[in-house]
Amino acid sequence: MARDLTPGPGVRRGRLRVYLGSAPGVGKTYRMLDEARRRQERGSDVVVGFIECHGRRHTEAMLAGLEVLPRAHRSYRDAEFEEMDLDAALARRPAVVLVDELAHTNIPGGRHAKRWQDVEELLAAGIDVITTVNVQHLESLNDVVRKITGIPQRETVPDEVVRRADQIELVDMAPQALRRRMAHGNVYKAEKVDAALSNYFRVGNLTALRELALLWVAGRVDEGLRDYRSAHSIDRVWETRERVVVALTGGPEGETLIRRAARIADRTAGGDLLAVHVSRSDGLAGASSGALAQQRQLVETLGGSYHVVVGDDVPTALLAFARAHDATQLVLGTSRRGRINRFLTGPGTGQTTVDGSEDIDVHMVTHEFTGRGRLPSLGRRHSRRRTVLGYAAGFVMPWVLTALLSQAHHRINLTTDALIFQLGVVIVALLGGAMSALVAAVIASVLLNYYFIPPVHSLTIGETNNIVALVVFTAIALAVSTVVDHAGRLTTRAARATAEAETLSTLAGSVLRGADALPALLEKSRTAFGMRAVALLSRGDGEVLAHCEGEHPADPSDPADGPKETTEVPVGPDALLVLTGRRLPAADQRVLTAFAAHVGAALERDRLAVVAAEVEPIKAADRMRTALLAAVSHDLRTPLAAARASVGSLRSPDVEFSPEDQAELLATADESLVKLTRLVDNLLDMSRLQAGALTLHVTEIHLDEILPRALDSLTDPYAPIQPLDLDTAPPVLADPPLLERVLANVITNALRHNAPGAPVLVTASHHAEQVELRVIDRGPGIAPEDRDRVFLPFQRLGDTDNTTGVGLGLALSRGLAEAMGGSLEVEDTPGGGTTMLLTLPAAPREELPHE
């Protein structure tokens with residue numbers, strides 16, 4: 001019957017504190033004992049319910065001064081085991097009890113099957129508990145940990161048990177630091193260190209487990225945050241993950257904006273930083289390629305990504321980019337334009353972006369350059385809004401000037417009136433272009449004649465001089481407005497060319513920095529032109545050679561994702577670049593052609609790389625044949641000469657040898673023939689490997705069966721070989737004779753370089769779906785830069801002569817291992833030496849039914 005674990009009347013439930021670690025050895029038990037000593041110093045009644053020190057002297061030293069409860073002894077399958085005595089802890093009723101290894105499975109015979117159930121009973125009795133658990137023992141992560149480490153965890157604890165803890169403290173340690181602790185013997189005994197470092201405690205495994213622990217604790221923190229908001233009736237959303245886009249103009253405020261955006265992105269786990277520069281065709285004041293390059297470097301240093309898009313309307317381009325990348329926040333700098341500039345040109349990029357941002361939060365960041373900009377550029381190409389505003393000003397401004405000048409008619413003369421009207425026409429030209437200035441000039445000339453040229457209030461001109469003045473006024477106004485408009489168009493073209501050059505420069509730099517040019521080019525093409533997708537198609541059959549699509553594919557149900565324009569550009573004679581998205585203006589076609597040229601060059605380079613890859617095996621075969629001939633010319637000659645000399649001496653009728661001399665000559669001949677046979681076998685196997693003609697007969701075989709055969713083939717039958725754990729490893733899929741050759745070659749190499757008197761260790765372990773066999777020596781080791789060289793044929797690393805053979809052993813062993821679906825790599829032996837890691841596929845095992 002299950003025991004009621006509900007606290008009795010008037011009994012508060014105990015508080016649970018959990019030390020969560022990413023792997024064994026990070027220091028959970030040590031931290032728990034340290035906390036216990038602190039509480040004891042503060043006067044708390046603390047006892048040790050169950051602690052497992054695993055022989056770690058530093059942990060055992062922390063037990064000094066703490067009361068340790070006696071353990072319960074239980075018998076199971078003719079063996080004695082120790083468990084926590086739950087009844088003794090309940091009878092003692094301390095304030096705090098320490099219980100190690102929360103996920104432990106109890107030996108049958110106790111009240112509960114799991115230790116976490118013992119802890120639940122202690123908590124129900126009002127006793128505080130401090131415990132430890134590793135992340136791999138959490139039930140929800142069991143299958144994930146098995147995929148990462150290849151080792152199933154049979155002891156687990158429900159996540160809810162740990163989540164209910166009042167305090168969860170993560171005990172963290174860098175993978176490299178944990179491996180150093182293990183190598184120093186601070187975690188496991190010396191005989192287990194090599195196997196542990198090579199299997200469960202790999203850097204990759206530890207890094208993945210560390211991330212799981214951090215994410216699990218982060219989720220627990222998020223749950224606490226939600227509970228807090230619920231308890232305090234906080235309905236407003238607190239965004240905890242951000243994707244921040246910062247808009248860069250190339251101005252001096254760029255670094256301030258980047259750092260501000262980076263701080264926003266760093267506030268939450270997984271926040272992304274994206275910087276975007278809009279190269280626009282209407283001339284962007286203050287855009288410096290050098291400044292943009294520095295700002296790009298800063299963005300990448302802060303872990304962000306840099307993008308360039310082309311767009312005539314900056315706010316529209318910014319918002320389109322932000323929505324395409326699912327941004328939550330957009331960071332812009334406050335305008336550098338002065339008040340007069342803002343009055344003449346209307347709302348700027350920031351205000352327009354805010355108006356159209358909808359669900360994207362826009363940050364307007366102040367900086368030291370706010371309001372220090374210049375007057376508007378004379379050459380700015382006018383938008384439709386500016387054009388309408390220009391015509392309105394052309395109609396209104398002459399009347400406004402007439403009203404103002406009429407009030408001061410007695411204090412100024414006709415010349416001043418004409419100059420003021422002419423200034424108004426120039427302002428209209430700046431605002432709306434030549435046509436609006438023409439309208440203003442015509443209206444101004446009529447009003448000047450009617451109100452200020454005698455006879456006033458009449459279109460009749462009394463003096464010839466006034467006629468000339470009016471004509472000159474109109475001509476000057478038209479000429480100035482035309483020049484201003486023409487200068488603006490020239491400036492627009494220059495700005496467009498600058499924008500195109502900036503985009504192409506950024507494109508070239510991105511391609512040069514990337515390892516694969518074609519995908520980078522397609523991505524840059526899509527981003528730069530704001531397209532939904534870019535594809536490279538074959539002209540002949542329409543085959544898709546490469547494809548790049550935005551993060552959010554089109555949704556036919558969404559009107560915004562309806563039919564899109566398609567733009568096609570030829571890429572050489574055999575390919576076509578197809579862009580799907582918005583309609584490209586004619587001015588962008590020139591830049592797109594340049595992109596297509598880069599794509600064509602990258603495509604041609606890929607084709608040449610394929611051709612070169614096809615030629616490389618032929619070159620390698622030629623090198624192999626040359627090396628084989630060189631090897632045969634020397635290494636076949638030596639054993640042949642020795643065998644021939646021995647046999648020739650025995651057959652000579654002129655010399656009579658003693659039985660001892662005959663035996664020595666026969667042994668020399670036999671040894672030479674054995675070397676010759678081994679050399680010929682290696683040469684033939686290497687030739688078959690290079691030609692792909694090696695025949696395999698793969699079957700299941702146990703390593704403890706194949707190792708004795710490999711040792712029998714060694715020249716020294718008394719070589720110091722020490723096998724470990726071979727009988728516990730599952731069978732492997734391999735060709736037995738070839739695997740025997742591999743082991744013999746690798747062990748021979750280890751014996752050759754091993755320290756005198758030290759045995760060569762041969763250990764096996766099971767990881768995921770593979771079996772790993774390690775041949776460990778205590779020799780001088782191999783430098784990292786030389787590890788690939790030891791597998792090259794016809795080379796002996798560190799040797800200065802060829803009397804010991806052609807150096808095919810490791811090269812052949814790696815080739816045979818790869819032919820059997822495995823691999824052969826070099827690792828450092830902890831404490832010095834070399835470890836040859838032979839990895840082979842494990843034979844499939846039948847799953848046993850669960851009881």
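If you're wondering where the values come from, they're calculated on a predicted model, not measured in any experiment.

### Topic: the overall build of the protein chain
Then, number 1: On a plain count of helices and strands, the protein chain comes out with 24 helices and 24 strands.
Then, number 2: Across the 851 residues of the protein chain, 43% fall into the buried class.
Then, number 3: The long-range share in the protein chain, meaning contacts at least 24 apart out of those at least 6 apart in sequence, stands at 71%.
Then, number 4: A total of about 45000 Å² of accessible surface is found on the protein chain, and carbon and sulfur atoms cover 55% of it.

### Observations concerning the packing of aromatic side chains
Then, number 1: The final tally for this structure, using the stated rule, is zero aromatic pairs.
Then, number 2: Here the basic side chain of Arg71 rests over the ring of Phe50, its NZ or CZ set 4.1 Å away from the ring centre.
Then, number 3: Positioned above the aromatic ring of Phe50 is the side chain of Arg115, whose terminal nitrogen or guanidinium carbon lies 4.2 Å from the ring centre.

### Notes on the sheet that holds strand E16 (residues 565-571)
Then, number 1: Overall, antiparallel pairing links the four strands, which are arranged E15-E14-E17-E16 in an open sheet. For this open sheet the edge positions go to strand E15 (544-549) and E16, each flanked by a neighbour on one side alone. Sheet twist, expressed as the mean angle between neighbouring strand axes with direction ignored, is 15°.
Then, number 2: Where E16 lies against strand E17 (residues 575-581), seven bridges are found, and the strand directions are antiparallel. The residue bridging Val571 from the neighbouring strand is Ala575, located in E17.

### Considering the environment of Phe529
Then, number 1: Inspection of the secondary structure assignment puts Phe529 in the loop between helix H19 (517-528) and strand E14 (533-538).
Then, number 2: A relative accessible area of 0% places Phe529 in the buried class.
Then, number 3: Put simply, Phe529 and Leu579 are 50 residues apart on the chain and 9.0 Å apart in space, counted from C-alpha to C-alpha.

### Here's the deal with the sheet that holds strand E24 (residues 834-841)
Hydrogen bonds between backbone atoms are what pair the strands of a sheet, whose relative direction is either parallel or antiparallel.
Then, number 1: Judged by pairing direction, the sheet is mixed, and its five strands sit side by side in the order E19-E21-E22-E24-E23 without closing on themselves. A strand with exactly one partner marks an edge of an open sheet, and here the two such strands are strand E19 (721-724) and strand E23 (823-828). Taken over all neighbouring pairs, the strand axes of this sheet differ in orientation by 20° on average, direction set aside.
Then, number 2: Of the pairings in the sheet, the one linking E19 to strand E21 (residues 760-767) comprises four bridges and is parallel in character. Bridged to Gln722 within E21 is Leu761.

### Re unusual backbone geometry
Then, number 1: The phi dihedral of Arg93 falls on the positive side, at around 50°, and the residue is not glycine.
Then, number 2: Residue position: Arg93 is located in the loop between helix H3 (86-92) and strand E6 (96-99).
Then, number 3: The partly exposed category is assigned to Arg93, whose relative accessible area is 47%.
Then, number 4: Even without being a glycine, Glu101 presents a positive backbone phi close to 55°.

### A word on a negative patch on the surface
Then, number 1: Side chains of Asp704, Glu705, Asp725 and Asp727 sit close together on the surface and give a patch of like negative charge.
Then, number 2: Mapped onto the fold, Asp725 is located in the loop between E19 and strand E20 (732-734).
Then, number 3: Here Asp725 falls in the partly exposed class, since its relative accessible area comes to 43%.

### What to know about the nonpolar core
For soluble globular proteins, the rule of thumb is that nonpolar side chains tend to be buried together.
Then, number 1: By size, the foremost hydrophobic cluster in this structure holds 60 residues, and its most contacted members are Leu98, Leu122 and Val157.
Then, number 2: For this core, the element with the highest residue contribution is helix H9 (residues 203-231), accounting for six residues.
Then, number 3: Not counting residues within four places of it along the chain, the set of residues in contact with Val157 comprises Leu102, Ala103, Trp116, Val133, His137, Leu138, Glu139 and Val162.
Then, number 4: If you look at the next biggest cluster of nonpolar residues, it comprises 40 residues, including Ala734, Leu738, Val762 and Val790.

### Remarks on the pattern of salt bridges
Then, number 1: In the structure shown here, the tally under the stated rule is 22 salt bridges.
Then, number 2: Asp172 serves as the salt-bridge partner of Arg210, at 2.9 Å between the closest nitrogen and oxygen. Here Arg210 is found in helix H9, whereas its partner Asp172 is found in the loop between strand E8 (167-171) and helix H7 (175-183), with 38 residues between them in sequence.
Then, number 3: The partly exposed category is assigned to Asp172, whose relative accessible area is 35%.
Then, number 4: One salt bridge connects Glu772 with Arg774, and the closest N-O pair in it is separated by 3.2 Å. In terms of burial, Glu772 and Arg774 fall into one category: buried.

### A word on the pairing of strand E22 (residues 770-776)
Then, number 1: Of all the seven residues making up E22, six are buried; the element is thus mostly covered by neighbouring parts of the structure.
Then, number 2: In the sheet, E21 pairs with E22 via seven bridges, with the strands oriented antiparallel. Across the sheet, the residue bridging to Ser765 is Glu772, located in E22.
Then, number 3: Inspection of the sheet shows E22 paired to E24 by seven bridges, in the antiparallel sense. Residue pairing for E24: Gln770 is matched across the bridge by Pro841.

### Observations concerning the side chain of Arg39
Then, number 1: Tracing the sequence through the fold places Arg39 in helix H1 (residues 28-41).
Then, number 2: For Arg39, a relative accessible area of 14% puts it in the buried group.

### Topic: helix H16 (residues 414-432)
Spacing of three or four residues puts side chains on the same side of an α-helix, whose turn is 3.6 residues.
Then, number 1: Taking 1.5 Å as the rise per residue, H16 with 19 residues should run 27 Å; its terminal C-alpha atoms sit 27 Å apart, in good agreement.
Then, number 2: For H16, the full list of buried residues reads Asp417, Ala418, Phe421, Gln422, Gly424, Val425, Val428, Ala429, Leu431 and Gly432.

### Considerations on the environment of Gly311
Then, number 1: One can find Gly311 in the loop between strand E11 (305-310) and helix H12 (314-324).
Then, number 2: Residue Gly311 is classed as buried on the basis of its relative accessible area, which comes to 11%.
Then, number 3: Considered as a pair, Gly311 and Ser279 are 32 residues apart in the sequence and their alpha carbons are 6.4 Å apart.

### Concerning the packing of H16 against helix H17 (residues 434-452)
Then, number 1: Their axes nearest at 8 Å, the elements H16 and H17 cross at an angle of 160°. As far as their axial angle goes, H17 and H16 are roughly antiparallel. In terms of crossing hand, the pair formed by H16 and H17 is right-handed. Within the contact between the two elements, H16 uses Leu414, Asp417, Ala418, Phe421, Val425, Val428, Ala429 and Gly432 and H17 uses Ala434, Ser436, Ala437, Ala440, Ala441, Ala444, Leu448 and Phe452.
Then, number 2: Here the contact of H16 with H17 is built from residues that sort into 13 nonpolar, two polar and one charged.

### Some points on the packing of H12 against helix H14 (residues 349-356)
In a pair of packed helices, the angle between the axes and the distance between the axes together describe the arrangement.
Then, number 1: Running from N to C, H12 and H14 cross one another at 45°; their axes reach a closest spacing of 9 Å. Looking at the two axes, H12 sits oblique to H14. The handedness of the crossing between H12 and H14 comes out as right-handed. In this structure, H12 contributes Val314, Pro315, Leu318, Leu319 and Arg323 to the contact, and H14 contributes Thr349, Thr352, Thr353 and Gly356.
Then, number 2: In terms of residue class, the contact of H12 with H14 is made up of four nonpolar, four polar and one charged.

What counts and how
Residues numbered from 1 in each chain as written. Predicted model: local features only at pLDDT ≥ 70, side-chain atom pairs only at ≥ 80, totals over all residues. Heavy atoms only, no water. Helix = DSSP H or I, 4+ residues; strand = E, 2+ residues; numbered from the N terminus. Buried < 20%, exposed > 50% of the residue type's maximum accessible area, 1.4 Å probe, protein only. Contact = heavy atoms within 4.5 Å. Areas by Shrake-Rupley, 256 points an atom, 1.4 Å probe, with all protein chains shown as cover. Phe/Tyr/Trp six-rings, centres within 6.5 Å; stacked < 30°, edge-to-face > 60°. Lys NZ or Arg CZ within 6 Å of the ring centre and 35° of its normal. Pairing = 2+ DSSP bridges. Axes fitted to C-alpha atoms, helices over the stretch in contact; angles between N-to-C directions. Patch = residues over 30% accessible without salt bridge, like charges linked within 9 Å, V, L, I, M, F, W, Y side chains within 5 Å. Salt bridge = Lys/Arg side-chain N within 4 Å of Asp/Glu carboxyl O. Lys, Arg positive; Asp, Glu negative; His and termini not counted. Charge placed at Lys NZ, Arg CZ, Asp CG, Glu CD. Core = buried A, V, L, I, M, F, W, Y, C linked by side-chain atoms within 4.5 Å. Expected span 1.5 Å × (residues − 1). Parallel < 35°, antiparallel > 145°, perpendicular 65-115°, else oblique. Left-handed = near helix turned anticlockwise from the far one by under 90°. Nonpolar A, V, L, I, M, F, W, Y, C, P; charged D, E, K, R; others polar.

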